[in-house]
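Fold and geometry: a report
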Amino acid sequence: MKTITIDGRSIPFEEGQTIMDAALAADVYIPHLCHNPEFTPHGSCKLCNVKVNGRTCSACTMLAAEGQDVINNSKELNDARRAITQMLFVEGNHICPGCEKSGNCQLQALGYHFNMLDAHFPYFYPRREVDASHPDVLLDRDRCILCELCVRASRDVDHKNVFDIAGRGINAHLIVNSATGKLADSVLEVDDKAVEVCPVGAILVKHHGYEVPIGQRLYDHHDIAEISLMTEGGGSDE
Amino acid sequence: MYESLETADNRENLKRVVIDPVSRVEGHGKVTLLMDEENHVREARLHIVEFRGFERFIRGRPYWELPVLVQRLCGICPVSHHLAAAKAVDQLVGVDELTATADKLRRLLHFGQVLQSHALHFYHLSSPDLLFGIDSDAKHRNIVGVLSGYPDTSLEGSKMNIGLQGVKLRKYGQEVIRAITGKRIHGTGAIPGGFNKALTVEERDALLVDIDQIIEWGNAGVNLTRHLFLSNHEYRNHFAAIRSNFMGLIRSDGAMELYHGRLRATDEHGAAIFDHVDYRDYQDVLREVVKPWTYMKFPYIVSLGEAKGWYRVGPLARVNQCDFIPTPLAEQARQVFAEEGGGEPVHSSLAFHWARMIELLHCAEGIKELLLDPDILGGELVVQGEKRMEGIGVIEAPRGTLFHHYQINEDDLVVKANLIVSTTSNNQAMNESIRQVAVRYLDGRTLTEGLLNHIEVAIRAYDPCLSCATHALGKMPLQVELLDAQGERVSRLAKNSDGSLSD
């Protein structure tokens, strides 16, 4: 069987697998945020950056190939990943104390994973629009990290193409595919995969929140690495 | 009684004394005194900036976030804001009656909250003034002084240090909160139309272990505050002695009610001004007025008008106003308290402490009752209803009646919020109290730390939110300047955050 090495450990892979796929299958955690194994890799968040034979690559998009020597868990990489997480926090308006996604949020969980103790960078406090027009779904752009998981889910699973990203650079923002640009006028429904897949608190089911008690939330007692391997790893049923 | 001291005539000819900051709570609080050439007090004002910012920045947020968002108003009584908002949000989702389990869990949570807040206020913040004397050596006049047993802070018949009892009482209240909401501060519990979890048997049993001890200490606290109050002629009859109306929630049978009831207001003789008013109609009986010299509004009872309609809320109001307290030991204590009034309400500001400890005892007894009630261990948690556009939640927070009023739009976002926090209701009373104290103790005298502390003690009796924020360890940072009629500084005294004094 073909293998790569990740942090000195030999990891088997099959043709067509990315480094991320091979790592997850072997229960090796590579931090990731925009990646979800159910969807086409996107390679935008850069948290899964690894060193492959000395060069930095996104593990979620880089195909595994014989002879790759991958460094994943190093101080340099984790420092950079922490900095990226901090940038995500300051770019949006992530007010964890009041957010109903707290405890179940991947961005917050990564903050804990990387031992992020402050924001480091100055907050941007951007003005972003909340779209509460839909009867069942709330879109709070304050918390959007532009991972495009909803874009991919709506396009590839729901086949509705409700979401997209418009604008470039710091002006990039999530838009809704409807005549008015409002969710109410889109074909989105509450059971859509696009609603469920949001890793942060940007797309939420209305009228609910804080229903899971503190202590029973996803990341209350488990690091995101454990949860990831439990749900996405090789030993998982999914 | 001291209205004449709100605004002096010929202000430009007076010396100005500023206590700034009294503390910092979402801004800034200060006391200003105007004195004439002979150091007679001609004007005294307490200026406070309250939590009004929240009313603005929760606009545009979805209603179901409110109980968790607004509890961040405060780190001492977040549960009060959490529950007041939750009660308003219940109405937004069309729920008028919760399940027994949800209702009792919220009540248990609230008892824990009031117990810990009252313990904190009396033992940690106020007891040093009363145990050692208002102008005793500032070096010992703090919780560390109480804990170190200076000069003697053990209770009769008990070797336990009073300070330590206070710490343990507070800890117990916090443990009740943690068991129910997952965190001692800023957890989650109340959700629209109900609650997110019941107590487990293990959690219940852990809380039951200490409850009898807590009730015993609560009783000792009542005895201590009663003794301190009754044995000191000055405290009892003169210090910040003002007469006022009172207001608070009351149960349908007239019992003391901290979580849910109707509004009762009584005049200075204890006669009803209004009674059993549905709090959703609060705007019919209460109004707020703005004064140009402070950011905090002055609420008043409409039927009495702006000048005479001010009132006090909090423990003193509640213990004075209720017909009885529905737990036995607290009710016994209330009857002794009522005798002090001789058929009328007790008005002395320092009686707040005594009333506060009676409530603490009531909370401890109430916690035990609820812990023994099987409903808290399970059952239906949430009720659903039809959406409404407006919700008003009112609760008796530790410091008094707390109003949360919200309106939402078709998109379920908050468009309007009005909060009347307890400290706001006591605004006029605190101003009256410092005026009385200024006239009685500061008039015609040179400023000292001990005299400054008289002002603090009068404010502190009301347990205003401004005391919790920066008054830890009894070291409220203060700066007082005495300026002459020309605006030249004649005297300055600063108390630093470490408690030291400097010129």
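Computed from a predicted model, the values in this text were never measured in an experiment. Along each chain, residues carry numbers from 1 onward, in the same order as the chain's sequence is written. Throughout, the order in which chains and ligands are written sets their labels, letters from A for the former and numbers from 1 for the latter. Where totals are concerned, whole chains, interfaces and linings use all residues; where local detail is concerned, this predicted model gives features only for residues with pLDDT of at least 70, and gives and counts side-chain atom pairs only at 80 or more. Heavy atoms from the whole structure form the basis of all side-chain values; hydrogens and water molecules are not counted.

1. Some words on the overall build of chain B
Note on conventions: DSSP H or I runs of at least 4 residues are helices, E runs of at least 2 residues are strands, and numbering of each starts at the N terminus. What chain B contains, in helices and strands, is 17 helices and 17 strands. Categorising residues by exposure relies on relative accessible area from a 1.4 Å probe, with only protein chains included: less than 20% of the type maximum marks a residue as buried, more than 50% marks it as exposed, and the intermediate range marks it as partly exposed. Every one of the 503 residues in chain B was classed for burial, and the buried ones make up 63%. A contact between two residues is defined here by any heavy atoms of the two lying within 4.5 Å. Considering only residue pairs separated by 6 or more positions, chain B has 68% of its internal contacts joining residues 24 or more positions apart. For chain B, the accessible surface area stands at approximately 18,100 Å², while carbon and sulfur atoms represent 48% of it. For the accessible areas, the method is Shrake-Rupley and the probe is 1.4 Å, while residue cover comes only from the protein chains on display.

2. What to know about the sheet that holds strand E8 (residues 272-277) of chain B
Residues and elements named next belong to chain B. Only when DSSP finds a minimum of two bridges between them are two strands counted as paired. Here 4 strands make up an open sheet; going across it, the order is E8-E7-E6-E11 and the pairing mixed. Bordering the open sheet on either side are E8 and strand E11 (311-312), each of which pairs with just one other strand. With 3 bridges connecting them, strand E7 (residues 262-266) and E8 associate as antiparallel partners. When the sheet's bridge partners are listed, Thr266 is paired in E8 with Ala272.

3. Here we look at the pairing of strand E2 (residues 9-12) of chain A
Residues and elements named next belong to chain A. Judged from the 4 bridges that link them, strand E1 (residues 3-6) and E2 form a sheet pairing that is antiparallel. Bridging from a neighbouring strand, Ile6 pairs with Arg9 of E2. In sequence, E1 turns back onto E2 through a hairpin of 2 residues, with Asp7 there showing a positive phi of about 50°.

4. Considering the domain arrangement of chain A
Residues and elements named next belong to chain A. Each domain's extent was defined by an automatic or database domain assignment. Per the domain assignment, the segments of chain A are domain 1 (3-80 + 223-232) and domain 2 (97-205). In this description, buried area is defined as the sum, over both parts, of the accessible area (probe of 1.4 Å) that is lost when the two are combined. Roughly 1,400 Å² of surface becomes buried between domain 1 and domain 2 when both sides are summed, with 66% attributable to carbon and sulfur atoms. Of all residues in domain 1, Leu33, Phe39 and Ile224 bury the most surface against domain 2, accounting for 44% of the area lost on that side. A carboxyl oxygen of Asp or Glu within 4 Å of a side-chain nitrogen of Lys or Arg is what we treat as a salt bridge. Counting across the domain 1 and domain 2 interface gives 1 salt bridge. Notably, a salt bridge pairs Lys193 with Glu38, separated by 3.0 Å at the nearest N-O pair. Contacts described as polar in this section are N or O atom pairs within 3.5 Å, which, within protein, must combine one atom able to donate a hydrogen with one able to accept it, while residues neighboring in sequence count only if both atoms come from side chains. The tally of links from domain 1 across to domain 2 stands at 5 residue pairs in polar contact (both at pLDDT 80 or more). Classification used: nonpolar for Ala, Val, Leu, Ile, Met, Phe, Trp, Tyr, Cys and Pro, charged for Asp, Glu, Lys and Arg, polar for all others including Gly. Residue composition of the side of domain 1 that touches domain 2, grouped by class: 9 nonpolar, 6 polar and 2 charged.

5. Quick word on the sheet that holds strand E13 (residues 400-408) of chain B
All names here are of chain B. Ordered by their spatial adjacency, 3 strands build an open sheet running E12-E13-E14, and the pairing between neighbours is antiparallel. Edge positions in the sheet fall to strand E12 (390-397) and strand E14 (414-420), since each has one partner strand and no second. Direction aside, the axes of adjacent strands within the sheet are offset by 10° on average. Bridge count between E12 and E13: 8 bridges; the pairing is antiparallel. Directly across from Gly393, in E13, lies its bridge partner His404. All axes here are fitted lines through C-alpha atoms, helices being fitted over the stretch that makes contact, and every angle between N-to-C directions spans 0 to 180 degrees. Against the sheet, helix H3 (residues 78-92) makes contact with E12 and E13, and its axis sits at roughly 150° relative to E12, the strand it touches most.

6. Observations concerning the interface of chain B and chain A
Contacts between chain B and chain A engage 19 residues on the former and 21 residues on the latter. Summing both partners gives a buried area of about 1,700 Å² for chain B against chain A, and 59% of it is carried by carbon and sulfur. At the junction of chain B and chain A, the tally comes to 4 salt bridges. With its nearest N and O atoms 2.8 Å apart, the salt bridge here joins Lys206(A) to Asp412(B). Applying the counting criterion to the chain B and chain A interface returns 8 residue pairs in polar contact (both at pLDDT 80 or more). Looking at the side of chain B that touches chain A, its residues break down into 7 nonpolar, 5 polar and 7 charged.

7. Notes on the packing of helix H4 (residues 100-132) of chain B against helix H7 (residues 201-230) of chain B
Residues and elements named next belong to chain B. Look at H4 against H7: their axes get within 12 Å of each other, and the N-to-C directions meet at 35°. By crossing handedness, the relation of H4 to H7 is classed as left-handed. Taking contact as the criterion, the partners of Leu115, Phe122, Tyr123, Leu130 and Leu131 in H4 are, on H7, Ile214, Trp217, Gly221, Leu224, Thr225 and Leu228. For the contact of H4 with H7, the residue count by class is 9 nonpolar, 2 polar and no charged. Each crossing gets its hand from how the near helix is turned against the far one by less than a right angle, where anticlockwise is left-handed and clockwise is right-handed.

8. A few points about the domain arrangement of chain B
Residue and element names in this part refer to chain B. What the domain assignment reports for chain B is domain 1 (3-49 + 430-502) and domain 2 (53-242 + 317-425). Residue-level contacts link 27 residues of domain 1 with 27 residues of domain 2. Contact between domain 1 and domain 2 buries roughly 2,400 Å² in total, counting both sides, with carbon and sulfur atoms accounting for 59%. Looking only at domain 1, the three residues that lose the most surface to domain 2 are Ala461, Tyr462 and Asp463, adding up to 23% of its buried area. Here domain 1 and domain 2 share 3 salt bridges between them. When the shortest N-O distance is used, the salt bridge between Arg440 and Glu234 registers 2.7 Å. Across the contact surface, domain 1 and domain 2 share 12 residue pairs in polar contact (both at pLDDT 80 or more). Of all the secondary structure elements, the ones that give two or more residues to the side of domain 1 that touches domain 2 are helix H15 (427-442), helix H16 (449-460) and helix H17 (465-470).

9. Topic: the pattern of salt bridges
Residue and element names in this part refer to chain A. For the coordinates displayed, the defined rule picks out 47 salt bridges over all chains. Salt-bridge contacts for Glu76 lead to Lys51; the nearest nitrogen and oxygen are separated by 3.6 Å. One end of the pair, Glu76, is in helix H2 (residues 75-91); the other, Lys51, is in strand E3 (residues 49-52), and 25 residues separate them in sequence. Judged by its relative accessible area of 18%, Lys51 is buried. For the salt bridge of Asp192 with Lys160, the shortest nitrogen-to-oxygen distance reads 2.9 Å. Linking Asp192 in the loop between strand E9 (173-176) and helix H5 (193-196) with Lys160 in the loop between helix H4 (149-157) and strand E8 (163-166), this pair joins segments that are 32 residues apart in sequence.

10. Notes on the packing of aromatic side chains
Residues and elements named next belong to chain B. Whether two aromatic rings pair depends on their centres lying within 6.5 Å, for rings of Phe, Tyr and Trp, where Trp uses its six-membered ring; planes under 30 degrees apart make the pair stacked, over 60 edge-to-face, and the rest tilted. Scanning the entire structure with this criterion turns up 8 aromatic pairs over all chains. Arranged with centres 5.9 Å apart and planes meeting at 45°, the rings of Phe229 and Trp354 form a pair that is tilted. Here Phe229 is found in helix H7, whereas its partner Trp354 is found in helix H13 (residues 351-371), with 125 residues between them in sequence. Each of the two residues, Phe229 as well as Trp354, counts as buried. Measuring from ring centre to ring centre gives 5.5 Å for Phe239 and Tyr441, while their planes differ by 40°; the resulting arrangement is tilted. With a gap of 202 residues between them, Phe239 in the loop between helix H8 (233-237) and strand E6 (245-250) and Tyr441 in helix H15 connect regions that are remote in the sequence. Across the pair, exposure class does not vary: Phe239 and Tyr441 are buried alike. Members of the aromatic cluster, each reached through a chain of ring pairs, are Phe229, Phe337 and Trp354. Charges are assigned to positions over rings by a cutoff of 6 Å between ring centre and Lys NZ or Arg CZ, combined with an angular limit of 35 degrees from the ring normal. For Lys87, the ring lying beneath its charged end belongs to Tyr259, and the centroid distance is 4.7 Å.

11. Observations regarding the packing of H2(A) against helix H3 (residues 106-113) of chain A
Residues and elements named next belong to chain A. Viewed as axis vectors pointing N to C, H2 and H3 meet at an angle of 140°, and their least axial separation amounts to 10 Å. Between H2 and H3, the angle falls in the class oblique. Between H2 and H3 lies a crossing of left-handed hand. Residues Thr85, Leu88 and Phe89 of H2 form the contact with H3, whose own contacting residues are Leu107, Gln108, Leu110 and Gly111. Of the residues belonging to the contact of H2 with H3, the class tally is 4 nonpolar, 3 polar and no charged. Should an angle fall under 35 degrees it is taken as roughly parallel, and over 145 as roughly antiparallel, whereas 65 to 115 is taken as roughly perpendicular and any remaining angle as oblique.

12. Some details on the environment of Glu97(B)
Residues and elements named next belong to chain B. Its location among the elements puts Glu97 in the loop between H3 and H4. Among the residues examined, Glu97 registers a relative accessible area of 65% and is labelled exposed. Distance in space between the C-alpha atoms of Glu97 and Leu14 is 57 Å, their sequence separation being 83 residues.

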